[in-house]
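Structural overview for review
What follows is each chain in one-letter form.
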Amino acid sequence: MLDRPSLATLTLTVNGTGHQVAAQPFASLADTLREGLGLTGTKIGCDAGDCGACTVLIDGEQACACLISTAQAEGRAVTTIEAEHPLVDRLRSAFLAHGAAQCGICTPGMIMAATDLLSRNAAPTRQEIEDGIGGVLCRCTGYAKIIEAIQDVARGTNALAPVADAGCAVGSRIARADGLPKVQGTDRFGADFAPADALWLRAVRSPHAKARFTLGDLDAFRAAHPGLEAILAAKDIPGENSFGIFPTIKDQPVLAPGFVRYRGEAVLALVGTREAVESVRDAALPIQWTIDPPLIGVEAGLAPGAPPLHPNIPDNVLTRGYLECGDVAGGHRLGAATAEGRFRTGFVEHAYIEPEAGYAVRIGDRIEVTACTQAAVMDQEEVARVVGVPMRQVRIVPTACGGGFGGKLDVSIQPLIAAAAWLLNRPVRIVYSRTESMASTTKRHPSKIHARMSADAEGRFTAYEMTGDFNTGAYASWGPTVANRVPVHATGPYKVPHVLNKTRAVHTNEVPAGAFRGFGVPQAAIAGETLIDDLAERLNIDRWQIRRINAIDHGDATPTGQILHASAGLPQCLDAVKADYDAMMAAADAHNARGGRIARGVGVACMWYGCGNTSMSNPSRMRITLTRDGRLTFLNGAVDIGQGSSTVLLQIAADALGLPTTQFDFVVGDTDRTYDAGKTSASRQTFVSGNASKLAGLDLRAKILALANAGPQAKLKLAGATLSVVDGDASRVIDLAALVADDAGIVLAGEGQYDPPTTVLDAKGQGIPYATYGFATQVAEVEIDRLLGTIKVKRIVAAHDVGRAINPTLTEGQIHGGIAQGLGLALMEEYIPGRTENLHDYLIPTAGDMPEIDIHLIEDTEPEGPFGAKGVGEPALVATAPAILGAIRHAVGVRMTEVPVLPHKLWEAMQTKEAAE
């Protein structure tokens, strides 16, 4: 056991108040603030000074509290987000008004960094703002709204978000319904709270990608380590030792049963006091390893004679996707030009700033799990399976979720803490370290794509075909979803009469790949959009023009045979960016004509994305209740992971009912209190749960109007237990206290359920996979240093067809954040197991990396959507990387086919091109 320093009594001055705390002198200030003083507004995202979520002020200057020992803070003034501070208050208001807090995990650190900046510099330039907050990472916002908020405070503007009247919420830029706790630092994330007597759990993970192991005497080891309550192994799991996304694919063990399939797989669970579980060295545990050669990369997984990872999958091909329409060979023959290419992408880490955290409690014959998640009911199903109880005996209570992007769809901590709490009958909590989170959780699927595309002399596309292999890693996760979504989307949002797309999800001994904002479509878009640029070059047609010629429109058929009867706004998106594209092209050409070290380039790309599950039922059900004392509650099972669904769905429900959003309380995601709204993924919540919310509001409204015998145009007013129905001479007042109530005091309730109209795809991939699609065009401008190969994205113009922007501020924020992640995919993000498992070596965009972004919101109304709306979360990302690749090509004439385009790779490609010339 490692020696730990003894506790000392230290005096800290925090937010102007003196505190005496018992702490280890070398414990981080962040940990002491959180665990010792309960000031959990200071977040811990990395514990290494890389993310800045723990930023506080020490003697007025910003510092990472995770890098400051508690003893170093003694005698100094520490200011946290909880402080009463005029500048902090103004920043809180501005962040709310501008939508600068999305998931909220980085928000306290951002506000403290901005407080430091504005205290020193009351009128900073944009560059100075970027520098001032540069030590704090945000994965959600793309930083634009944050910078706008800080600029407002610097200008002395009293930024306040509007308040919508009844019937006017949809289309309004109201503040996030859950925003105030985020800017105050009081929002409760998974690591922020747990029962006082909770034990800690730490997973022991495999250091090998493929190995067998035997366990020695764990009981003796536990007895020799005071404070360890249990060491759990596979044999101790009370129910099934397996979980997975699909009902028929439960292939991933909670704890490995004598062998591991990837580096980072959980082998044991140590449960006890925090000191005990943190003191145990993994190397000291009685585990004997036998290492086997791993299969790394899809080529290894598909090689003849490759050993199968799973006995029921002898060829390591988990699933295949297929789409065929027309005659692709004949379509190529019709073409005046054909382009072909091979493309590769690697693992990409979600890099949400909040590592996985939460706790579980056994209450009689029930188990309750409180944790960060994107899919509460899916968690409920998995926990019930692992604990070995019916679903009704499992409760999932989502905490605030500090980013997800698909990475918190799969269960991670939930089965571990649930099994431990069930077996020990004690509360059990867990907080992943940054390295553990990155080593063990799912990633974006690496892809290997071969594609071919043809067009006639006028630029009309005649054929497209692709084969794509996607590395799904050791376990299935969302591999089948990626394999089936990509063939539908691979052509891009264009009219292509002859198509043949084939995909495979391939098992390897690598970290499981799962859902990540786009489900494989961003990888496919890189291939397709590059080939379109190829064809434009060969046919001497402008790159914007060839896309406009082929843009899918109302009444056109997709490759699955689906007719787009409405809301197909790609032509409008292209038209919206045309003037900017022309001006940027002219400026780039003029700049490059002068020569010099810096080259400038412009790229354009389009995208489409089906909202919801592919050809599968994915219903949502919502409920609104009204009690006898006038309490109006929106019971919403859709987990908000930062994208703003709690606000958007509330706006929809409020307008449908006819009362202002400010009169609603809301409950989000609690499986005991809300219905199943489906997972927060696939850009489905605004569209699917939005429809369910609208129907719930309309249902309650209809019951009220019927009770009052009022007409459909009547207006509602709620004041305490008095509900007024204003309808001219038919107006009346309802005394809610006089109505019959149920045991919960509810006198009236409305419910709504919606499932998008789709059909199962046939053997050739024909059918209606999605009820609606999002569309977009993005134009990117880059500057490249010819000597160093460095790339700076200077500007992006993005036009997105969102059907109807329920909350334009939140919609813009989603687009900003998606562009940031697309930029990272294109230029910097490279996950290498064992090497880039932290936020120092794994680079994500900072405020200084982000370009100027101009957004055009195109509202081609979707009749099937709530008030015409559809999703934007994933569409925000898809076009960014291909647009940047096109800009690189325009600047220096190099066609890059692998991302990220790191400087040394671009430099080598430029040297190769120069030598060939």
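Look above for the structure.
Residues numbered from 1 in each chain as written. Predicted model: local features only at pLDDT ≥ 70, side-chain atom pairs only at ≥ 80, totals over all residues. Heavy atoms only, no water.

So, the pairing of strand β31 (residues 852-858)
As a reminder of what qualifies: Any two strands between which DSSP finds at least two bridges are classified as paired. A helix here means a DSSP run of H or I that spans at least four residues, while a strand means a run of E at least two residues long, and both kinds are numbered starting from the N terminus. Orienting the strands away from the viewer, one traces the path from the first strand over the helix to the second; a clockwise path indicates a right-handed crossover.
Inspection of the sheet shows strand β30 (residues 791-801) paired to β31 by seven bridges, in the parallel sense. Its bridge partner being in β31, Asp801 is matched across the sheet by Ile858. For the crossover from β30 across helix α21 (residues 808-827) to β31, the handedness is right-handed.

Considerations on empty space enclosed by the protein
What counts, and what does not: A cavity here means a set of 1 Å grid points, computed over protein atoms only, where a 1.4 Å probe fits but cannot escape. A pocket is an open set with protein on both sides within 12 Å along at least 5 of 7 lines, and lining residues have an atom within 4 Å of a point. Grid points are joined across faces, edges and corners, and a volume is the space filled by probe spheres set on the points. In the scheme used here, Gly and all other residues not listed as nonpolar or charged are polar, with Ala, Val, Leu, Ile, Met, Phe, Trp, Tyr, Cys and Pro taken as nonpolar and Asp, Glu, Lys and Arg as charged.
Scanning the entire structure with this criterion turns up seven cavities of 30 Å³ or more. Computed from the structure, the largest cavity encloses a volume of approximately 510 Å³. Together, 35 residues line the largest cavity, and Gln643, Gln814, Val872, Gly873 and Glu874 are the ones closest to its centre. Elements represented by at least two residues in the lining of the largest cavity include exactly α19 (645-657), α20 (685-708) and α21. The dominant element in the lining of the largest cavity, judged by the number of residues it contributes, is α21, at three residues. Classifying every residue of the lining of the largest cavity by side-chain character gives 13 nonpolar, 17 polar and five charged. For the second largest cavity, the calculated volume is near 250 Å³. Of the residues in the lining of the second largest cavity, the class split is ten nonpolar, six polar and three charged.

Points about the sheet that holds strand β2 (residues 17-23)
Note the following rule: Lines fitted to the C-alpha atoms define the axes, with helices restricted to the stretch that makes contact. Angles between their N-to-C directions range from 0 to 180 degrees. Contacts are assigned to residue pairs with any non-hydrogen atoms lying within 4.5 Å of each other.
In space, the five strands of this open sheet follow the order β2-β1-β5-β3-β4, with mixed pairing throughout. Of all the strands in the sheet, the pair left with one neighbour each is β2 and β4 (61-64). When the angles between neighbouring strand axes are averaged without regard to direction, this sheet yields 45°. Note: strand β1 (residues 8-14) against β2, seven bridges, orientation antiparallel. Across the sheet, Leu12 pairs through a bridge with His19, a residue of β2. Relative to strand β3 (residues 55-58), helix α4 (residues 107-120) is tilted by about 35°, and along the sheet it contacts β3, β4 and β5 (77-79).

Quick notes on the layout of surface pockets
The computed volume of the largest pocket comes to approximately 1200 Å³. Around the largest pocket sit 46 residues that line it, and Asp31, Asp47, Trp200, Arg274 and Glu278 are the ones nearest its centre. Going through the elements one at a time, β2, α1 (29-36), β6 (199-205), α9 (274-279), β17 (428-431) and α14 (434-440) are the ones with two or more residues in the lining of the largest pocket. Per-element tally for the lining of the largest pocket: the top contributor is α1, with five residues. When grouped by side-chain class, the residues that make up the lining of the largest pocket number 21 nonpolar, nine polar and 16 charged.

Points about the environment of Ala820
Structurally, Ala820 is set in helix α21. Separated by 56 residues in sequence, Ala820 and Ala876 place their C-alpha atoms 9.4 Å apart. Ignoring anything within four residues of it in the chain, the contact list for Ala820 reads Gly142, Pro845 and Met850.

Digging into unusual backbone geometry
Trans is the prevailing form of peptide bonds, just as negative phi is the prevailing case for residues other than glycine. Defined as follows: Categorising residues by exposure relies on relative accessible area from a 1.4 Å probe, with only protein chains included: less than 20% of the type maximum marks a residue as buried, more than 50% marks it as exposed, and the intermediate range marks it as partly exposed.
Residues Val899 and Pro900 are joined by a peptide bond in cis, for which omega reads 5°. Inspection of the secondary structure assignment puts Pro900 in the loop between β32 (898-899) and α24 (903-916). One non-glycine residue, Asp47, lies in the positive phi region at around 60°. Residue placement: Asp47 occurs in the loop between α1 and β3. In this structure Asp47 comes out as partly exposed when scored by relative accessible area, which is 47%.

Concerning the nonpolar core
Worth spelling out the cut-off: Side-chain atoms within 4.5 Å are what join buried Ala, Val, Leu, Ile, Met, Phe, Trp, Tyr and Cys residues into a set we call a nonpolar core.
Among the nonpolar cores identified, the biggest contains 168 residues, and Phe95, Ile150, Ile888 and Leu906 are the most heavily contacted of them. Top element by residues in this core is helix α16 (residues 521-539). It accounts for ten residues. Membership of the second largest hydrophobic core comes to 41 residues, among which are Ala230, Ile367, Val394 and Tyr432.

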